[in-house]
Amino acid sequence: KAGVTQTPRYLIKTRGQQVTLSCSPISGHRSVSWYQQTPGQGLQFLFEYFSETQRNKGNFPGRFSGRQFSNSRSEMNVSTLELGDSALYLCASSLQLGGYTFGSGTRLTVV
Amino acid sequence: AQSVTQLGSHVSVSEGALVLLRCNYSSSVPPYLFWYVQYPNQGLQLLLKYTTGATLVKGINGFEAEFKKSETSFHLTKPSAHMSDAAEYFCAVSGRGTGANNLFFGTGTRLTVIP
């Protein structure tokens, strides 16, 4: 069965712009979570959505937001981009607790 | 609250030698524990996980890990390293029964395999 699909794979944006990243989970998985990976901070949890509701949120500013659609696909949005937002953004889908499958990520570069 | 400490940000082993990557966790509730591997420019691939039951967990590519509650450890081992094992490895924990479905990751260990 198809894995977790993230689009686009690479993105270059200018400071101050906004960006939207997409994640399609494994079929049947209703939980989608997002992580940011940077060399300095490592892997940090952004938020989790389950059945279109944000169930859990990490410690990120309000510029980072997300949503989930009825087909479980999820998007995350970052507004007013800063240089420090440059990172690999990873999406993971799961069937409740205990199993997380990650996508290949979206590499965002802010210039 | 949950957290993970991975001892050693870089580990080098010779091809054919034992691989041992260390992970200690902290959790206020019974944990789920995971090891992931990441190759350059890739996402995270699950190697193995402990949820309940047998404390010695076998994963893909010959890796295994043992959950030791008394030591709060979940070290990853492989009897014989292969060149293809060179990658970054992450230990992670989530809290069972917390209602929170997110992972707390360690800072990672980069494994180098010397031919």
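Visitor: Mind showing me how you'd approach the state of the cysteines here?
Guide: Formally, a disulfide is one covalent bond, and it connects the sulfur atom of one cysteine to the sulfur atom of another. Scanning the entire structure with this criterion turns up two disulfides over all chains. The disulfide partner of C23(A) is C91(A), and the gap between their sulfur atoms is 1.8 Å. Disulfide C23(A)-C91(A): torsion about the S-S bond near -55 degrees, hence left-handed. Here C23(A), found in strand 3 (residues 19-24), pairs with C91(A), found in strand 9 (residues 87-94); they are 68 residues apart in sequence, far enough to count as distant. Judged on exposure class, the residue C23(A) and its partner C91(A) are both buried. Each disulfide pairs two cysteine sulfurs, and for C23(B) the partner residue is C91(B), the sulfurs being separated by 2.0 Å. Residues C23(B) and C91(B) are joined by a disulfide whose S-S torsion is about -60 degrees; by sign, that bridge is left-handed. One end of the pair, C23(B), is in strand 3 (residues 19-27); the other, C91(B), is in strand 9 (residues 87-95), and 68 residues separate them in sequence. Just as C23(B) is buried, C91(B) falls in that class too.

Visitor: Help me understand the sheet that holds strand 8 (residues 73-78) of chain B, please; the structure alone is not making it clear to me.
Guide: Strand pairing in a sheet relies on backbone hydrogen bonds, with the paired strands running either antiparallel or parallel. Residue and element names in this part refer to chain B. Strand order in the open sheet formed by five strands is 1-3-8-7-6, with antiparallel pairing between adjacent strands. Each of the sheet's edge strands pairs with one partner strand only, and the pair in question is strand 1 (2-7) and strand 6 (56-58). In this sheet, neighbouring strand axes are inclined to one another by 20 degrees on average, regardless of whether the strands run parallel or antiparallel. As paired strands, strand 7 (residues 64-68) and strand 8 are joined by five bridges and run antiparallel to one another. Across the sheet, the residue bridging to F67 is F74, located in strand 8.

Visitor: Please clarify how the sheet that holds strand 1 (residues 5-7) of chain A should be interpreted in this entry.
Guide: All names here are of chain A. An order of 1-3-8-7 is seen for the four strands of this open sheet, with the pairing classed as antiparallel. Two strands bound the open sheet, and with one partner strand each, they are strand 1 and strand 7 (64-68). Each strand axis lies, on average, 20 degrees off the axis of its neighbour in the sheet, ignoring direction. By the bridge criterion, five bridges tie strand 7 to strand 8 (residues 74-78) in an arrangement that is antiparallel. What sits directly across from Q68, in strand 8, is S74.

The rules behind the values
Residues numbered from 1 in each chain as written. Chains lettered and ligands numbered in written order. Predicted model: local features only at pLDDT ≥ 70, side-chain atom pairs only at ≥ 80, totals over all residues. Heavy atoms only, no water. Disulfide = S-S within 2.5 Å. Helix = DSSP H or I, 4+ residues; strand = E, 2+ residues; numbered from the N terminus. Buried < 20%, exposed > 50% of the residue type's maximum accessible area, 1.4 Å probe, protein only. Pairing = 2+ DSSP bridges. Axes fitted to C-alpha atoms, helices over the stretch in contact; angles between N-to-C directions.

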